[in-house]
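Below, each chain spelled out in residue letters.
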Amino acid sequence: MILCLALEEKIHAKKSLIVGLFSVVALFLGAWFNLLPFTDVSNLVIGGHKISLPVYIPGVDWEVIAIILGSSLFVDVTSKSGLFTWVAVKLTKLSSGDPLRLLILYGVMTVVFSAVLNNVTAMIIVGSLTGVSLKKLNQSEKLLGFLLVEGLLTNIGGLLTLISSVPNIIVGKTAGIEFIDFFLKAAPYVVIATVVTLWLGSRLFKIGSLKTEEEKTSAKNLVAGFDENEGIESPGFFRFGAIMTFVFIGTVAMTSQLPVVNELGLGFVALSFAGIMLVRYKSVADRFYKTIDWDLLFFFVCLFAVINVMEHARVLNLIGDWLMPIMGLGDSAGPAALLVASAAASSVTDNIPLAAMLAKILGAMPEISSNPDSPYWWAVIFGSNLGGNITPIGSASTLVSVTIIHKYGLKLSFAGFVKVALPYAIIQLALGVVYLLITT
Amino acid sequence: MSTVDQFESVFKAAAKTIYLHESPSFGKVLLVTDMEESDSTLYLNSVRKYFEKTLLPGETKWQVLSKKDFQSVKELLGKVEEYQPDLLLTYRNLRSESWRWPYSLGEHLDVLTQVTTTPVLVLPHPDRDDASELLEKSPEKVMAVSGHMCGEGSLIKYASAFTPKGGKLLLSHIEDKVTLDRYLDAIEKIPDIDTDVAKETLLARLLNDAKDFAESARSSLERAGLGISVECMAQLGSRLEDYRKLIEEGEVDLLVMHAKEDDQLAMHGMAHPLAVELRSVPILLL
């Protein structure tokens, strides 16, 4: 299954279908060999009520599904308010058209959007703006450098909060890491890695400041033509979208402290905010349902079903045994080795099954599962996110950046991407290892 | 809104083309006539008076070519090359009897407007019965006739230069209904494009681009302190018919339009019929 996911582009099949077919086979074999707990799930008693569920349902982490569904709907509806495009255009004007300033502002915006929205949406917004603004500024030759750096920064930004990327949600939830704790732990690394990536990007792609006054005036006049209000359909909904975004981030950050809400969880928060935003489009809400990434959601449901079968078949225990030599390296070398191994694995296949599998394995180890601050959790989080920067198929957002690069007629092969991105990935991973060793 | 294409559309719409004003210089103006030298001098005086508010005496040096100065189109082009004027002034059907018939501008003008890069201001023919009357009152109301409006900065630059202080500049754009209908008709037959969305948004987008540019021009001209009032107009219609109506009903004194088109040797598609048919209105052809 992991091999097929790595070859997703080659076999022209959606990941939901790949994992779906493997889940059918896994469930069939699990039932054939009497590995699945049919008796337990047909005799569930919840709140005094006897409930019967299909055997593949309890294995699915519905909280993760609810978070992804709710937050993607929320982001999609909020983006209609013009809020994100307003911020993006404002920053473009703030740069006065200077390429270096533009790279820094777009880089920071990529990181923040990746953290607040998700890294794919961040790459779509910043990448599409980059194409338009560099063309307007007659700096199209710098497009490849900009898009590559932005693609790499999406995976850095994806590290910032508990809900910034799916591996964070899965591992963070299994480890019991709180939103605030996650942020405080990850933020210093994100700042350092962002600065280093931008510095390296400006050097390697020769993105510098404008030299003459004439160039500066011309660039300033060109960006002055950008109208940040163009995407705003209704000023009222724009303000509402801005307020709701801040309230959403605040509520997500405070979920574990809020009475009642802490019982209902992050998934409830995400779905509730999506519902509130949808009221604006109540008569055409179905349009937004059509834009939901059903491939991703079905992929998760099927993936959880497969992992559940693997757990019952004790395959995860077997993989856990393989990880023992890494764990045996000690409290410093062990997490460092796990981080690098996770990154290497994430670079050639989807980081979500890897994170889900490793979270299950680590969760089954008592000394790690009882400690949310264990460096092993962070090794998996850092490794699965940063691994996406080694190859173009390592993460969905780098794939989007390569897609935009190709859309603009720029040539960049798989090997070409690896050649350009590898120095960044090595530095980011080295920084990650050092940071992990210092902070844990 | 979740695809690259959707966000790219929003950003492309936000990346507006703005007008940045700079005044053109008319240091050297060349008046071309087919009259005898003495008549040319008299005609020059009336033309100078006609443009006294915009081509100021202290700033403009006038030169005249009369009948004896050129015998052919080639000679005329040679003289223009020699003088290197900032503006050419002449009248319809130069060296031609066909000024009585509204079918062409005459061979000299047809070539002159396409070969030289210098703007050519075409006046009504001086042999018209109402010729002297037409040059009595300086132009107050100037209309810029645009092809797209958006990005046509030079059109506005020259049109504003010929609008005197206190005068009115009309920035006009008519989106051709026949062309739009043809595109919408094609869109109706393409299953991948939502016909209702296309109908709702295509015209609005086309007119908005023109309005936004005209509006930025209005602000820029206001900031430049020219003391002229600027009116922007963008609408759907039949180009030739509606422009004719606008010009006649609005009592426009001077038209400004592009005469050249990148992909053809003949005069700009819209400029030619207007220039030929509106024989009593002076036209600046760029």
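It should be noted that the structure appears before, not after, this text.
Definitions and limits used
Residues numbered from 1 in each chain as written. Chains lettered and ligands numbered in written order. Predicted model: local features only at pLDDT ≥ 70, side-chain atom pairs only at ≥ 80, totals over all residues. Heavy atoms only, no water. Contact = heavy atoms within 4.5 Å. Buried area = accessible area lost by both parts, 1.4 Å probe. Salt bridge = Lys/Arg side-chain N within 4 Å of Asp/Glu carboxyl O. Polar contact = N/O pair within 3.5 Å; in protein donor to acceptor, adjacent residues only side chain to side chain. Axes fitted to C-alpha atoms, helices over the stretch in contact; angles between N-to-C directions. Helix = DSSP H or I, 4+ residues; strand = E, 2+ residues; numbered from the N terminus. Parallel < 35°, antiparallel > 145°, perpendicular 65-115°, else oblique. Left-handed = near helix turned anticlockwise from the far one by under 90°. Nonpolar A, V, L, I, M, F, W, Y, C, P; charged D, E, K, R; others polar. Buried < 20%, exposed > 50% of the residue type's maximum accessible area, 1.4 Å probe, protein only.

Colleague: Just checking my understanding: could you explain the interface of chain A and chain B for this structure?
Modeller: Interface size, as often reported, equals the accessible area lost upon joining of the parts. Tallying the contact residues gives 24 residues for chain A and 19 residues for chain B. Together, the buried faces of chain A and chain B total about 1,800 Å²; carbon and sulfur atoms form 66% of this surface. On the chain A side of the contact with chain B, Ile124, Val132 and Glu230 of chain A bury the most area, a combined 25% of that side's loss. On the surface where chain A and chain B come into contact, there are four salt bridges. Here Glu8 of chain B ties to Lys407 of chain A by a salt bridge, and the two come within 2.5 Å at their closest N and O atoms. Remark: the boundary between chain A and chain B carries eight residue pairs in polar contact (both at pLDDT 80 or more).

Colleague: Explain the packing of helix α7 (residues 177-188) of chain B against helix α8 (residues 195-223) of chain B here, please?
Modeller: Angle between the axes and distance between the axes are the two parameters that describe a pair of packed helices. All names here are of chain B. At a minimum axis distance of 10 Å, the contact between α7 and α8 shows a crossing angle of 155°. Relative to α8, the element α7 lies roughly antiparallel. Crossing angle aside, the handedness with which α7 passes α8 is right-handed. Mapping the contact onto sequence places Leu180, Leu184, Ile187 and Glu188 in α7 and Thr195, Ala198, Lys199, Leu202, Leu203 and Leu206 in α8. Among the residues making up the contact of α7 with α8, the classes are represented as seven nonpolar, one polar and two charged.

Colleague: Where do I start with the pattern of salt bridges in this structure?
Modeller: Close approach of charged atoms allows side chains with opposite charge to pair. Tallied over the full model, the rule gives 27 salt bridges over all chains. Salt-bridge contacts for Glu230 of chain A lead to Arg205 of chain B; the nearest nitrogen and oxygen are separated by 3.1 Å. Here Glu230 of chain A is found in the loop between α12 (213-224) and α13 (235-254), whereas its partner Arg205 of chain B is found in helix α8 on a different chain. A residue is classified by how much of its surface remains accessible, and Arg205 of chain B, at 29% relative accessible area, is partly exposed. The partner of Lys199 of chain B in a salt bridge is Glu188 of chain B, and the shortest N-O contact between them spans 3.0 Å. Taken together, the residues span a long stretch of sequence, with Lys199 of chain B in helix α8 and Glu188 of chain B in helix α7 at a distance of 11 residues. With relative accessibility at 41%, the residue Glu188 of chain B sits in the partly exposed group. In this structure, a network of salt bridges that share partners links the residues Asp227 and Glu230 of chain A together with Lys16, Arg205, Asp209 and Asp212 of chain B.

Colleague: Can you help me understand the side chain of Thr54 of chain B in this one?
Modeller: Considering the arrangement of structural elements, one finds Thr54 of chain B in the loop between α2 (37-50) and β2 (61-65). With residues up to four places along the chain from it excluded, the contact list for Thr54 of chain B reads Ala161, Phe162, Thr163 and Pro164 of chain B.

Colleague: What should I look at first to understand the environment of Gly127 of chain A in this one?
Modeller: Residues and elements named next belong to chain A. Note on placement: Gly127 falls in helix α8 (residues 119-136). Residues Gly127 and Thr439, 312 residues apart in the sequence, show an inter-C-alpha distance of 33 Å. Leave out the neighbours within four places in its chain, and Gly127 touches Ala122, Leu147, Glu150 and Ile404.

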